[in-house]
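Structural overview for review
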Amino acid sequence: MKDIPLLANASDAVRASFAEHAILQDIPAGTVLSREGDACHHFPILRTGMLRVYKLSRQGHEVTLYRIREGESCILTLTCLMKTAMFPAHAVVEEDSAVWLVPADVFREWTAKEDFWRDYVIGYLSKTLNNVIGLVEDMLFRRVELRIIDALLEQTTGEEGVLETTHQEIANEVGSAREVVSRHLKELERQGLLSLSRGVLRILDRGALKKRSELL
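Since the model is a prediction, treat every value here as computed from it, not as a measurement.

Now for the sheet that holds strand 8 (residues 200-203). As summarised here, the arrangement of the three strands in space is 6-8-7, forming an open sheet in which the pairing is antiparallel. Where the open sheet ends on each side, the last strands, each with one partner, are strand 6 (162-164) and strand 7 (194-197). Strand-to-strand twist across the sheet, computed as the mean angle between neighbouring axes with direction ignored, equals 15°.

Given below as structure tokens:
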């Protein structure tokens, strides 16, 4: 299990248990892994790819809570397994992924008996909780335009980054309505910072876009 960093300090017994019980599953992009209200039967550890966890409002608006990348796990699944509760959000595969799935009873056994696992669980809870708190603060206190700019800068590279996306997908990312996002994007295009076409967004002046975010 050399490709699973969290097992680096695990006992031989845990490594043997992982090899016996964990299932490595290939999951294509677009697959819905969990919906709000689903039971949690496994603890996921992402080997490759990327997953997105999001919340859906009563009005049908999505907001991204966090993404799960290589070597990471899902904090909501973790808390569900510890409390034997239902999954409180939605999870979808954004990129073709390979995921280790640890059965719930094995997860709970490790949590009860293994110091390294308790340290991992507590550390991961703390790290991800801080990220979620940051998201809540952004939603409450940061302007929509700033959240849009930050999302665009984060998801692109290079001076003229290109992003294949829609206004609705950006709205889902920042937790706003599509119409509001479209209005801000068009204003940024009018200022010469972006170029918009169907399904594609191009950053024309990354430096100026960063400076604008600093002024907001």
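Following the structure, the description resumes.
Position of Asn-172 among the secondary structure elements: in helix 6 (residues 167-174). Relative accessible area serves as the criterion here: at 10%, Asn-172 is assigned to the buried category. Of note is the side chain of Asn-172, whose polar atom sits 3.2 Å from the side chain of Glu-62. Residue contacts for Asn-172: discarding those within four places in its chain leaves Arg-52, Glu-62, Val-63 and Thr-64.

It is worth spelling out the pairing of strand 4 (residues 62-68) at this point. Burial runs high along strand 4: six of the seven residues are buried. Sheet topology places strand 3 (residues 42-56) next to strand 4; six bridges connect them, and they run antiparallel. By the bridge assignment, Tyr-54 is partnered in strand 4 with Thr-64.

Below, the discussion takes up unusual backbone geometry. One non-glycine residue with positive phi stands out, namely Thr-84, at about 55°. Looking at the secondary structure, you find Thr-84 in the loop between helix 2 (75-83) and strand 5 (90-103). Given a relative accessible area of 60%, Thr-84 falls into the exposed group.

Glancing now at the pairing of strand 5. Across a regular strand the side chains alternate sides, sitting on one face of the sheet and then on the other. Within strand 5, 11 of the 14 residues are buried, leaving the element largely enclosed by the surrounding structure. Examined bridge by bridge, strand 1 (residues 23-27) and strand 5 share five bridges and lie antiparallel to one another. The residue bridging Asp-26 from the neighbouring strand is Ala-98, located in strand 5. The pairing of strand 3 with strand 5 spans 11 bridges and is classified as antiparallel. Looking at the pairing, Leu-51 lines up with Val-93 of strand 5.

Glancing now at helix 2. Helical geometry note: an α-helix holds 3.6 residues per turn, so side chains three or four residues apart project in the same direction. Listing the buried residues of helix 2 in full gives Ile-75, Leu-76, Thr-77, Leu-78, Cys-80 and Leu-81. One or two residues past the end of helix 2 sits Thr-84, with phi positive at roughly 55°.

Let's shift gears to the side chain of Thr-111. One can find Thr-111 in helix 3 (residues 104-113). Looking at Thr-111, the relative accessible area reads 17%, which means it is buried. A distance of 2.8 Å separates a polar atom in the side chain of Thr-111 from the backbone oxygen of Phe-107. Apart from the residues within four sequence positions on either side, Thr-111 is in contact with Trp-117, Arg-118 and Val-121.

Core analysis: the largest hydrophobic core is formed by 39 residues, its most contacted members being Phe-18, Phe-43, Val-53, Phe-87 and Trp-117. If you list the elements that add at least two residues to this core, you get helix 1 (12-21), strand 3, strand 4, helix 2, strand 5, helix 3 and helix 4 (115-141). With six residues, strand 5 is the largest single contributor of residues to this core. Counting residues in each nonpolar core, the second largest holds 18 residues, with Ile-148, Ile-149, Val-181 and Leu-185 among its members.

The rules behind the values
- Residues numbered from 1 in each chain as written.
- Predicted model: local features only at pLDDT ≥ 70, side-chain atom pairs only at ≥ 80, totals over all residues.
- Heavy atoms only, no water.
- Pairing = 2+ DSSP bridges.
- Helix = DSSP H or I, 4+ residues; strand = E, 2+ residues; numbered from the N terminus.
- Axes fitted to C-alpha atoms, helices over the stretch in contact; angles between N-to-C directions.
- Buried < 20%, exposed > 50% of the residue type's maximum accessible area, 1.4 Å probe, protein only.
- Polar contact = N/O pair within 3.5 Å; in protein donor to acceptor, adjacent residues only side chain to side chain.
- Contact = heavy atoms within 4.5 Å.
- Core = buried A, V, L, I, M, F, W, Y, C linked by side-chain atoms within 4.5 Å.

Worth remembering: the numbers are spatial, not functional.
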